[in-house]
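Chain residues, written in single-letter form:
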Amino acid sequence: MQLSFELNPSAVDTLQMQLVGEISTAITSGRLVPGTCLPGTRSLSQQLGVSRNTVLLAFSALEAEGFVETREGAGTYVSNYWPELAPFDASIAKTDKAPVPDASANTNASPPIFCDFQLEAVDPELFPTATWRRLMMRRMQSSDFNLSKVGDPRGVLELRQAIARFLGASRGMKLEPEQILIVSSIQQATNVVGQMFVSPGSPVIVERPGCSLIAPIYSRAGAEILPVPTDQDGLRVDLLPNRPNSLVAVTPERQFPMGATLSTPRRQALLDWAERMDAHVFEVDFDSEFRYEGSPKPALQSLDQRGRFIYSAAFALTIGPGLRIGFLVLPPKLVDPALEALRLLDHAYPCQSQGAPWLDQAVLCDFLESGGYEKHLRRLRKTYMARRDTLVQALQRFFEPCDLSGTTSGTHLILRLPAHLPDAQTCQALARSVGIKVNTMMLETVTGPEFLPDWNRYILLGYADLPEHVIKGAVERLASVWK
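Model, not experiment: these values are computed from the prediction. (Residues numbered from 1 in each chain as written. Predicted model: local features only at pLDDT ≥ 70, side-chain atom pairs only at ≥ 80, totals over all residues. Heavy atoms only, no water.)

## Describing the overall build of the chain
When helices and strands are tallied, the chain shows 14 helices and 18 strands. Dimensions along the principal axes, computed over C-alpha positions, put the chain at roughly 80 × 60 × 45 Å. Relative to its 483 residues, the chain shows a buried fraction of 48%. Pairs at least 24 apart in sequence give 71% of the contacts found in the chain among residues at least 6 apart. Across the chain, the centroid of the 46 positively charged side chains sits 5 Å from that of the 52 negatively charged ones. (Helix = DSSP H or I, 4+ residues; strand = E, 2+ residues; numbered from the N terminus. Buried < 20%, exposed > 50% of the residue type's maximum accessible area, 1.4 Å probe, protein only. Contact = heavy atoms within 4.5 Å. Lys, Arg positive; Asp, Glu negative; His and termini not counted. Charge placed at Lys NZ, Arg CZ, Asp CG, Glu CD.)

Have a look at this one:
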C-alpha cells in the first residue's frame, strides 16, 4: 500500500515532524482506520524519497504517542485506541457501522429492530459454504486456473451449457448455449436490452404496480414509458396499447410486487399482440424457483416461434447477491446485438472482454452439473415454505378475516388489511413503535401503486431470512398495536 503523503524539504518543520503530522492527521481524520497495516519503513522511505532513518524515527514517535503499534514479525499497524479522537470516532472504524443513537437522549426514539419483514432477502445461514468451498478449491487446483487469461465475453461455455440444460428441465425452454449471455445481474440485463431497443421516443410498456428497477433505466434513454395495470392474473394484456415496435417488460411467473402468475390465455394473447405490433417482450424472472404449490409455468420463450421474447434471471435470490451472476436468453438473431451492447456497457476493449469472473462462473457450473444446485433449491424451498406457513398461521390467528395473496410462490406475501384496521402507513408506523419493520406499497422498489385500487390497504411481508420463532413473536407484537 502507498500513502498519499507529500513532504516538503524546504519547510520549517523537519521531514520527520512532517511525516508524524501527516500520519497522525490521516489517523484522526479517519483516512487510516484502526488495524490498517502501514507500509514497511524501507518501502515508505523509497516512496517519499527520504532516508529510512527518518521513517524509523517518525514511527517511533507515533508509537510513543499511541497512534501506532508494532507487531513483532508482522509490521506496524494503526492502533485501536489513540489519543486524538476528534473529529473521527474510533468506534465507527472498529465496527464499520454508524454509531447507535442514545435512546435515553430522545424519548421519542424508536425501539431496536426485533424483526424486519424485508423483501427479496437471502438467509446467509443457508448458503452451501462447504460445497462451494470444495468446488472452488478443486477449480483453483486445476490446470485451467489462471485469472490472467482473457475470458469469453459471452460467459464460460460450460456454464452456458449447464444453464441451458437447467432451463430446459425447469422452465420448458428449448435453446442452445449460444443463445445465452452471462451478465452480472438482472439490472445489467435490463441495460443490455435497453441498448438494443430503446432510443428517444421509444415506447416501453411496464407493469403497474411493478418493479421500480426497469422504467428509470429506460427513461434515461429517452423512452416513452407506458404503464399498464395488473390484476390477480398478471398483466392486463387486453389494455396493451396499439404501439408498433414497443418493448414490453413483464414479470409473468410471479408479478412483482403482487405475486400473480400470468394466466395461460394472457400469455397467448401477449404473443399474438407482439406479432401484430412487431414488438419484443422482455421477461424478467426474479424468483420462479420458489414455487410451493404446483409447478412454474413454462417461460414465455417456450411459446416463441418468431424471436420476439427475451428472458432474464439471476442467482441472487437462490445463491446470494454476492455471486453477481445472471444471464440473458435471446433469440439467435439478437445474440450479436446483445453482445455488442454488453461490451459497450461493461468492457472498454472487445479484445480484452472478460465478462463475469471466470472462477465464479466455473464454480457455479460445477454446482449446477453436480446436482448441488438442485439439492440447495430443495433445502431453500423446504425452509421458506415452513417460514411462509408460520407467517400465514400467525396472521390468521391474530387477524380475522385474513385476506392474503402471493402465498403460492416467492419469498413474500401480501396482507390486505381488514376494514377495522387503519391504513397501511399508519400500521407501518405502529409496527415500528414495537420494533417491527413492514412494507407498504410506497416501498422504494415498487412503482405505480396508484394503479391498484385501495393500494394503501396492503402490507408486504418478506420472510426468507426470518426464523420461525421471530415470525411468531413479530406477528404477536403487531397484534398488540394493530387494533
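And the narrative resumes.
## Brief notes about the sheet that holds strand 12 (residues 326–329)
Taken together, the eight strands give an open sheet; going across it, the order is 4-12-11-10-9-5-7-8, and neighbouring strands pair in mixed fashion. Looking along the sheet, the strands with just one partner apiece sit at the ends: strand 4 (180–183) and strand 8 (234–235). As paired elements, strand 4 and strand 12 share four bridges and run antiparallel to each other. The partner of Ile180 across the bridge, within strand 12, is Val329. Contacts between helix 10 (residues 332–346) and the sheet are confined to strand 4, strand 10 (280–285) and strand 11 (309–314), with strand 4 contributing the most and set at about 15° to the helix. (Pairing = 2+ DSSP bridges. Axes fitted to C-alpha atoms, helices over the stretch in contact; angles between N-to-C directions.)

## Observations regarding the pairing of strand 18 (residues 458–462)
Across the five residues of strand 18, five count as buried, placing the element largely inside the fold. Of the two faces of strand 18, both are covered, the one formed by Tyr458, Leu460 and Gly462 as well as the one formed by Ile459 and Leu461. As defined by bridge partners, strand 14 (residues 412–416) adjoins strand 18 across five bridges and the pair is classed as antiparallel. When the bridges of strand 18 are listed, His412 appears paired with Gly462. Bridge analysis of strand 16 (residues 439–440) against strand 18 gives two bridges, and the strand direction is antiparallel. Opposite Thr440, over in strand 18, you have Ile459 as the bridge partner.

## Some words on the pairing of strand 7 (residues 224–231)
With six bridges connecting them, strand 5 (residues 203–208) and strand 7 associate as parallel partners. Looking across to strand 7, one finds that Ile205 is bridged to Leu226. With two bridges joining them, strand 7 and strand 8 adopt antiparallel strand pairing. Opposite Thr230, over in strand 8, you have Leu235 as the bridge partner. Between strand 7 and the antiparallel strand that follows it, strand 8, lie two residues.

## Digging into the packing of aromatic side chains
For the coordinates displayed, the defined rule picks out eleven aromatic pairs. When the centroid spacing of 6.3 Å and the interplanar angle of 45° are considered together, the rings of Phe145 and Trp358 count as tilted. Here the residue Phe145 occupies a position in the loop between helix 5 (129–140) and helix 6 (157–170), and Trp358 occupies one in helix 11 (residues 358–369), the gap between them amounting to 213 residues. In this structure Phe145 comes out as partly exposed when scored by relative accessible area, which is 29%. Assessed through its relative accessible area of 24%, Trp358 is described here as partly exposed. Here the aromatic rings of Phe315 and Phe327 are separated by 5.8 Å at their centres, their planes lie at 50°, and the arrangement is tilted. Here the residue Phe315 occupies a position in the loop between strand 11 and strand 12, and Phe327 occupies one in strand 12, the gap between them amounting to twelve residues. Among the aromatic residues, those joined into a ring-pair cluster are Phe127, Trp132, Phe166, Tyr311, Phe315, Phe327, Phe367 and Tyr373. Here the guanidinium or amino end of Arg71 rests over the ring plane of Tyr77, the centre of that ring lying 3.9 Å away. (Phe/Tyr/Trp six-rings, centres within 6.5 Å; stacked < 30°, edge-to-face > 60°. Lys NZ or Arg CZ within 6 Å of the ring centre and 35° of its normal.)

## Concerning the pattern of salt bridges
One pass over the full model with this rule turns up 23 salt bridges. Between Glu253 and Arg267 there is a salt bridge, and its shortest N-O distance comes to 3.7 Å. Highlighted residues: Glu253 in the loop between strand 9 (247–250) and helix 9 (264–277) and Arg267 in helix 9, separated in sequence by 14 residues. You can call Glu253 buried: its relative accessible area is 3%. Accessibility expressed as a relative area gives 4% for Arg267, which makes it buried. Here Arg388 ties to Glu293 by a salt bridge, and the two come within 3.4 Å at their closest N and O atoms. Highlighted residues: Arg388 in helix 12 (residues 372–398) and Glu293 in the loop between strand 10 and strand 11, separated in sequence by 95 residues. (Salt bridge = Lys/Arg side-chain N within 4 Å of Asp/Glu carboxyl O.)

## Points about the packing of helix 1 (residues 15–28) against helix 3 (residues 52–64)
Axis separation between helix 1 and helix 3 bottoms out at 9 Å; the angle between their running directions is 50°. As summarised for this structure, helix 1 and helix 3 are arranged oblique, according to the angle between their axes. The two elements helix 1 and helix 3 meet at a crossing, and its hand is right-handed. Of the residues in helix 3, those touching helix 1 at Leu15, Gln16, Leu19, Val20, Ile23 and Ser24 are Thr54, Val55, Leu57, Ala58, Phe59, Ala61 and Leu62. Of the residues belonging to the contact of helix 1 with helix 3, the class tally is ten nonpolar, three polar and no charged. (Parallel < 35°, antiparallel > 145°, perpendicular 65-115°, else oblique. Left-handed = near helix turned anticlockwise from the far one by under 90°. Nonpolar A, V, L, I, M, F, W, Y, C, P; charged D, E, K, R; others polar.)

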